[in-house]
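The primary structure of each chain is shown beneath.
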Amino acid sequence: MGDLSQRLTAVDDPRDERGLRHEIGTVLATALCALLCGSRSLRAIGQWAANTPHHTRARPGCRVTDPELGVRTAPSTSTIRRVLPACAPASVAALSRPEAADTLAIDGKTLRGAATADQAAAHVLAALDAGGRIAAQVPVAGKTSEITAVQDLLGPLDIGGASVTADALHTQRTTARYLAEQRGADYVLTVKRNQPTLFDKVRRLPWAQAPTGDTDRHRAHGRAETRTVKALSIEGLGFPHAVQAVRIRRHVMDLRTGKVSWTCAYAVTSLEAEQAGAARLGALVRGHRAIEALHHVRDTTFAEDACKVRSAHGPANLAALRSLAALLLSALARPTIPDAIRWVSYACFTRPLDLIGIA
């Protein structure tokens, strides 16, 4: 993320060049810094900017209005309200794009606060790499679905040789063919009852005779979890390019109550057994939860579903900036994201802000 400053300034500016007081990178960097400090709306971003000390305003490049005293003026709330919704979503989402990605997790999210009586809530589809960076994000247009948006999402990315994971919604023949035939990528797709024939075939495979390929034990959040993974090479499933099926059984015990629950999940993949055994496939399925965890952070920490921004590209652009903020906060290695937010908030008002990669 060392080139974040350059990426911010490279975002296409939707405004007329005449009369500009703040560069596009300054406006976006100010909004990002405000999110890092816990701001949850455009109004809160503007209030944060208006109340920051001058040494903090220097990092996003706020303009100097009094050179002798070193006074800097931050973008106003009205400027922020105009600029963020007008920026192209693809350019804002690209702020954290990795140069290359070996794995990508695809998932969509509804931005519920953007709904009105006459307007459906905005919806975005994103791809997350293994490092927690948003590789791409696109708005899903009304009266369409995530399925049709996959090609728009992955089109600009170099995904040759990458492994793409997705939930059961995307277990579609067209998606599998697009990834394997047109893009040279592999897939790991969850299989559920929305594909009843495929689900029944995978569920009836001889799992009892298959050896356990990997076992993983984990304790966190008051739960003890054991995951066992089995993989079978397959033929005749009738799903494009599927060469292995995966079964993951989860045994979860609540450490407080002792209550035990079992779940069983299935997936199909175009990865040959020589490319990915049970342990690798289990890790890919487990890694897909990272994008779901990111959505949870945006809801609980940044109150995304409560945000009422709904004009133009505002919902999608704020979602992309929240994802970037979550990545930067995670890199601070604080116990929790809220702890990191409090630490950054304190730093903004006590010393120059050189801790988030905006230089």
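Residues numbered from 1 in each chain as written. Predicted model: local features only at pLDDT ≥ 70, side-chain atom pairs only at ≥ 80, totals over all residues. Heavy atoms only, no water.

Visitor: So what exactly am I meant to see when it comes to a nonpolar patch on the surface here?
Guide: A surface patch of nonpolar side chains, about 370 Å² in accessible area, is lined by Met-253, Leu-255, Val-260 and Trp-262. Within the fold, Met-253 resides in strand β10 (residues 244-254). (Patch = residues over 30% accessible without salt bridge, like charges linked within 9 Å, V, L, I, M, F, W, Y side chains within 5 Å. Areas by Shrake-Rupley, 256 points an atom, 1.4 Å probe, with all protein chains shown as cover. Salt bridge = Lys/Arg side-chain N within 4 Å of Asp/Glu carboxyl O. Helix = DSSP H or I, 4+ residues; strand = E, 2+ residues; numbered from the N terminus.)

Visitor: What is the right way to look at the pattern of salt bridges in this model?
Guide: In total, this model carries 16 salt bridges according to the counting rule given. Between Arg-203 and Asp-200 there is a salt bridge, and its shortest N-O distance comes to 3.0 Å. Residue Arg-203 and its partner Asp-200 are located together in helix α9 (residues 196-203), separated by three residues, close to a single helical turn. Look at Asp-200 and you get partly exposed, because its relative accessible area is 28%. (Buried < 20%, exposed > 50% of the residue type's maximum accessible area, 1.4 Å probe, protein only.)

Visitor: Mind showing me how you'd approach the packing of helix α11 (residues 289-300) against helix α12 (residues 314-330) here?
Guide: The axes of two packed helices give the description: the angle between them and the distance between them. Two elements in contact, α11 and α12, have axes whose closest approach is 10 Å; the angle formed by their N-to-C orientations is 105 degrees. By the angle between their directions, the pair α11 and α12 is classed as roughly perpendicular. Here Leu-294, Val-297 and Arg-298 of α11 lie close against α12, whose contacting residues are Ala-319, Arg-322, Ser-323 and Ala-326. (Axes fitted to C-alpha atoms, helices over the stretch in contact; angles between N-to-C directions. Parallel < 35°, antiparallel > 145°, perpendicular 65-115°, else oblique. Contact = heavy atoms within 4.5 Å.)

Visitor: Looking at this model, I keep getting lost on empty space enclosed by the protein. Mind explaining?
Guide: Taken as a whole, this structure holds three cavities of 30 Å³ or more when the rule is applied. What the largest cavity holds in volume is close to 50 Å³. Taken together, Leu-111, Gly-113, Ala-114, Glu-304, Cys-307, Val-309, Pro-315, Leu-318 and Arg-322 form the lining of the largest cavity. Take the lining of the largest cavity: its biggest share by element is three residues, from α12. A per-class count over the lining of the largest cavity returns six nonpolar, one polar and two charged. (1 Å grid on protein atoms, 1.4 Å probe; cavity = no way out; pocket = protein on both sides within 12 Å on 5 of 7 lines; lining within 4 Å. Points joined across faces, edges and corners; volume = space filled by probe spheres on them. Nonpolar A, V, L, I, M, F, W, Y, C, P; charged D, E, K, R; others polar.)

Visitor: I tried to follow the pairing of strand β4 (residues 122-129) on my own but got confused; where do I start?
Guide: Burial within β4 is extensive, with seven of its eight residues counted as buried. Note that strand β3 (residues 103-111) and β4 share eight bridges and pair antiparallel. When the bridges of β4 are listed, Leu-104 appears paired with Asp-129. In the sheet, β4 pairs with strand β5 (residues 134-139) via five bridges, with the strands oriented antiparallel. (Pairing = 2+ DSSP bridges.)

Visitor: So what exactly am I meant to see when it comes to the packing of aromatic side chains here?
Guide: Describing an aromatic ring pair means giving the distance of the ring centres and the angle of the ring planes. For the structure on display, the rule yields three aromatic pairs. Where Tyr-187 meets Phe-239, the ring centres are 6.0 Å apart and the plane angle is 80 degrees; that geometry is what we call edge-to-face. You can see Tyr-187 sitting in strand β7 (residues 186-191) and its partner Phe-239 sitting in the loop between β9 (223-233) and β10, a full 52 residues away along the chain. Each member of the pair Tyr-187 and Phe-239 is classed as buried. Consider the rings of Phe-199 and Tyr-266, whose centres lie 5.9 Å apart with planes at 85 degrees: the pair is edge-to-face. Of this pair, Phe-199 sits in helix α9 while Tyr-266 sits in strand β11 (residues 260-269); the two residues are 67 residues apart in sequence, bridging distant segments of the chain. For the residue pair Phe-199 and Tyr-266, the accessibility class agrees, reading buried in each case. (Phe/Tyr/Trp six-rings, centres within 6.5 Å; stacked < 30°, edge-to-face > 60°.)

Visitor: Any chance you could explain helix α10 (residues 278-287) here in plain terms?
Guide: In an α-helix there are 3.6 residues to a turn, and that puts residues three or four apart on one side. Of all the positions in α10, only Ala-278, Leu-281, Gly-282 and Leu-284 are classed as buried. Mapping the buried residues of α10 onto a view down its axis gives an arc of 160 degrees, with all of them on the same face. (Arc of directions from axis to C-beta.)

Visitor: Explain the nonpolar core here, please?
Guide: For soluble globular proteins, nonpolar side chains are generally found buried alongside one another. Membership of the largest hydrophobic core comes to 52 residues, with the highest contact counts inside it found for Ile-45, Leu-84, Leu-95 and Leu-329. Top element by residues in this core is helix α2 (residues 24-36). It accounts for ten residues. Once residues within four sequence positions are removed from consideration, Leu-84 is found in contact with Leu-28, Ala-31, Leu-42, His-313, Asn-317, Leu-318 and Leu-321. Core analysis: the next-biggest nonpolar cluster, separate from the first, contains 39 residues, Val-150, Leu-154, Ala-176 and Val-202 among them. (Core = buried A, V, L, I, M, F, W, Y, C linked by side-chain atoms within 4.5 Å.)

Visitor: Got a minute to help me understand the layout of surface pockets in this structure?
Guide: Picture a little ball the size of a water molecule; that probe, rolled over the atoms, points out where space is still empty. Roughly 550 Å³ of volume is contained in the largest pocket. Around the largest pocket sit 28 residues that line it, and Leu-128, Gly-132, Ala-290, Ala-293 and Ser-330 are the ones nearest its centre. Counting only elements with at least two residues in the lining of the largest pocket, the list comes to β3, β4, α10, α11, α12 and α13 (337-350). Of all the elements, α12 adds the most residues to the lining of the largest pocket, at five residues.

Visitor: Can you walk me through the pairing of β10 in this structure?
Guide: In this sheet, β10 lies alongside β9 in antiparallel orientation, the contact comprising eleven bridges. Note that in β10 the partner of Leu-232 across the bridge is Ala-245. As paired elements, β10 and β11 share ten bridges and run antiparallel to each other. Directly across from Gln-244, in β11, lies its bridge partner Thr-269. Hairpin connection from β10 to β11: five residues lie between these consecutive antiparallel strands, with Gly-258 at a positive phi of about 80 degrees.

Distances and angles like these do not, on their own, reveal function.
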